[in-house]
Amino acid sequence: MPRLSDHELGMHRKVTRRDFLDGVAVTAAGAAAALALPATAQAAPGTSHRHTPAHGHGHGHGRPDAPYPPTATGLRGQQPGAYDVAHAVRDGDFAPGRIVETRESYDLVVVGGGLSGLAAAYLYRKHAGPRARVLILDALDDFGGHARRNEFQVGRTLLLSNGGTVNIDTPSTWSRAARDLLTKDLGVDLKALEATVKGDAYAPYSLRSGTLFNSERWGKDQLVIRETGESWTSYAAKLPMSEAGRAALVRLYTTNEDFYPGLSDAEKKEILARTPYETYLRQKVGLDDDALEVVKRGTNGLWGVNVDHVAAADAWATGQPGFGGLGLAHTPWPGAGLTPLMHLNETEEDGNFYFPEGNASLARLLVSKLVPDAFDERRPDWQEIVTARADYSRLDDSDNHVRIRLSSTAFQVRNDGRRGAVVDYSRGGRSYRVRAKGVVMACWNSVSSYVMPELPAEQVTAMRYGTKVPLVYARVALRDWRAFAAARVSRVSTPSMFFSSFGLPTVTEIGDFRMPHRPELPTVVSLSATPGSPGLICREQHKAGRRTLIRMPFEDFEREIRDSMTRSLGAFGFDPARDITAVTVNRWAHGYAYEYNSLDDPSLFRPESQRPYAQARRPVGRIAIANSDSEAFGYTHAAFDAAVRAVSHLL
């Protein structure tokens, strides 16, 4: 079918505030105006809301006009304007004007309110004592960094989804310090958490997976569904491609051929570590362009690039197909990536540890311990935190020992002799200064490299080596999911479209929260995309993808969402104008930490101390470096480990 018109897609329906700054570069003056809008408003530095009535109505509202970022729709994540100051500093164009001396002094200032920064604040106070004063600055309008919560209200139904970090991955491989923070300090019971996931919730509906072959690539729109238990030969016969392409796909998933006969395990892995997975698929398995089109994005979820630039050895270790006959031992090899090593070391105790809002629950648990009155329940536990109401107006209360100041971008951080350090930041178009005994830089390494003037040149180079993985997590609230039930699908892959796939949520029952899972009830659909530029090295692909995301207005994201879902499910009754009630696009142009790979990063074959990320994390005086960039590993436990290391330097 031809591409649908905007009217057919329901683009005329005002389901979101998509005119709110979307796709528009916000200047410093514009940022000041933005702070007055409901989605980004927060108290100015030094303002206290201690005596503001906290009995406002609405979920998460401590006062009628208090912002509640998780419910904001449209373009979220790194929202328009959030990085304007940082980009101006990078380009040498930032003019701070008069810097207001706030006269605020802290034991610790943390630059970056993601999981690493929040953990650093918590661990510092755990050792320094409860009277230690801490200020957390973050450029975004919500805390948690990539651990973002998306919240929808459809009628009387509360829907939750992660806007970034998904789950607690492979905790058996975590360091003792990171695991203790999770299970002892935050009190998360992993076995009980796993039991909240209802893996059989959709069983009564006999849902399967499908793939949309779109008209632009395949001649016509066709949804092909693989039946439960169907053989690969039977499934491939339904695909709109040549016999050679179908045979290649069957071979990919069923082969038991050893493509390297006579070689040892170590020799095979050495070859695979130097071979792109796409090259392996073409030369050894025999995939042609059609077959490759269907599977090329299988590596996107872990690395943010297609099979063209993931090492075949890394692909094998993470469960990608095509290696069934090689007989490889589950042991490491020189040049193995950190994610593959984590997969090789997983144990039977590792399971599906998942909150309905992703690891935003961990960020909220940390905030509840740092700012005791930030939630309606003074100290919600790991189950209560999911539905605990947050009052953002309390985060920057002058009476608190810990203050969280959002929409605040640090533009200079320097040591101040024996007195500690000075942090200058911009908020609402004005510049402010605070002082501290120590600073933890828990923002991106690239940001630190521009705002820390005392950094040695070689450390600046090391900090700028890695490039954040660009990604998009879109969330779509539906009135019901009858069309999915009619098609009998839970997830649809869209390999030749902007988004890679879309699907129904994992069903959880935790505390007072119940994710609805009957077709006539509302639900929230997840879509993901990792734009890049195949053929380039990973770091250059990430830069290209970042440029794509920064330039893309919300309407384009929304159009792609509606188009892919309608083409896939329109024949089963899906009507985007009727069924879609809200759209949130979590745009992470600077997404997860760059992970080194054996194709692009020679230092991966050398000791860790010789790798750029290890050189980049050296402390400078009273300024320590945290964040997952400093571990080159975009996982929650890496963020925790970085916080532990940074705090140990300052104590």
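Treat the numbers as computed from the prediction; the structure is a model and nothing was measured.

Visitor: Explain the overall build of the protein residue by residue, including any values.
Guide: Summing up its helical and strand segments, the protein has 24 helices and 19 strands in all. Here the C-alpha atoms of the protein give a radius of gyration of 25 Å, agreeing with the 26 Å that 2.2 N^0.38 yields for 651 residues. Taken along its principal axes, the extent of the C-alpha atoms in the protein is 75 × 55 × 45 Å. In the protein, buried positions account for 59% of the 651 residues.

Visitor: Give a detailed account of the sheet that holds strand β7 (residues 222-226), specifying residues and quantitative values.
Guide: One open sheet holds the eight strands; their spatial order is β1-β18-β12-β17-β14-β13-β6-β7, and the pairing between them is mixed. The open sheet terminates on both sides in strands that have one partner only, identified here as β1 (74-77) and β7. Neighbour-to-neighbour, the strand axes of this sheet turn through a mean angle of 20°, independent of strand direction. The pairing of β1 with strand β18 (residues 580-592) spans four bridges and is classified as parallel. Counterpart to Arg 76 in the pairing with β18 is Asn 586.

Visitor: Quick one: what's the story with the packing of aromatic side chains, residue by residue and with numbers?
Guide: Each aromatic ring pair is specified by the distance between its two centres and by the angle formed by the two planes. For the structure shown, the criterion picks out 21 aromatic pairs. Judged by centre distance (4.7 Å) and plane angle (15°), the rings of Tyr 280 and Phe 323 are stacked. Of the two residues, Tyr 280 is situated in helix α11 (residues 277-285) and Phe 323 in the loop between α14 (312-317) and α15 (338-344); the sequence distance between them amounts to 43 residues. Here Tyr 280 falls in the buried class, since its relative accessible area comes to 1%. Classification of Phe 323 by relative accessible area gives buried; the value is 7%. Between Phe 498 and Phe 499 the ring centres are 5.0 Å apart and the planes differ by 85°, which places this aromatic pair in the edge-to-face class. Given the relative accessible area of 2%, Phe 499 is considered buried. Through pairs of rings, three or more aromatic residues link up here, namely Phe 259, Tyr 277, Tyr 280 and Phe 323. Note that Arg 226 overlies the ring of Trp 232, its terminal NZ or CZ placed 3.8 Å from the centroid.

Visitor: So what's going on with the side chain of Thr 566? Residues and values would help.
Guide: Among the structural elements, Thr 566 can be located in helix α21 (residues 554-569). Judged by relative accessible area, Thr 566 falls into the buried class, the value being 11%.

Visitor: Can you break down the packing of helix α4 (residues 115-128) against helix α16 (residues 360-370) residue by residue, with the values?
Guide: Close contact between α4 and α16 brings their axes to 10 Å; oriented N to C, the two are set at 35°. Here the hand of the crossing between α4 and α16 comes out left-handed. Counted together, Leu 115, Leu 118, Ala 119, Ala 121, Tyr 122 and Arg 125 of α4 and Leu 362, Ala 363, Leu 366, Val 367, Lys 369 and Leu 370 of α16 form the full contact between these two elements. When grouped by side-chain class, the residues that make up the contact of α4 with α16 number 10 nonpolar, no polar and two charged.

Visitor: Can you break down the pattern of salt bridges residue by residue, with the values?
Guide: Enumeration over the complete set of coordinates arrives at 43 salt bridges. Among the ionic pairs, Asp 265 bridges to Lys 269, the shortest N-O distance being 2.9 Å. You can see Asp 265 and its partner Lys 269 sitting in helix α10 (residues 265-273), four residues apart, about one turn around the helix. The class for Lys 269 is buried, based on a relative accessible area of 2%. When the shortest N-O distance is used, the salt bridge between Asp 563 and Arg 567 registers 3.1 Å. Of this pair, Asp 563 and Arg 567 both sit in helix α21, four residues apart, roughly one helical turn. The same class applies to Asp 563 as to Arg 567, namely buried. The network of salt bridges with common partners includes Glu 104, Asp 396, Arg 403 and Arg 405.

Conventions we followed
Residues numbered from 1 in each chain as written. Predicted model: local features only at pLDDT ≥ 70, side-chain atom pairs only at ≥ 80, totals over all residues. Heavy atoms only, no water. Helix = DSSP H or I, 4+ residues; strand = E, 2+ residues; numbered from the N terminus. Rg over C-alpha atoms; globule rule 2.2 N^0.38 Å. Buried < 20%, exposed > 50% of the residue type's maximum accessible area, 1.4 Å probe, protein only. Pairing = 2+ DSSP bridges. Axes fitted to C-alpha atoms, helices over the stretch in contact; angles between N-to-C directions. Phe/Tyr/Trp six-rings, centres within 6.5 Å; stacked < 30°, edge-to-face > 60°. Lys NZ or Arg CZ within 6 Å of the ring centre and 35° of its normal. Left-handed = near helix turned anticlockwise from the far one by under 90°. Contact = heavy atoms within 4.5 Å. Nonpolar A, V, L, I, M, F, W, Y, C, P; charged D, E, K, R; others polar. Salt bridge = Lys/Arg side-chain N within 4 Å of Asp/Glu carboxyl O.

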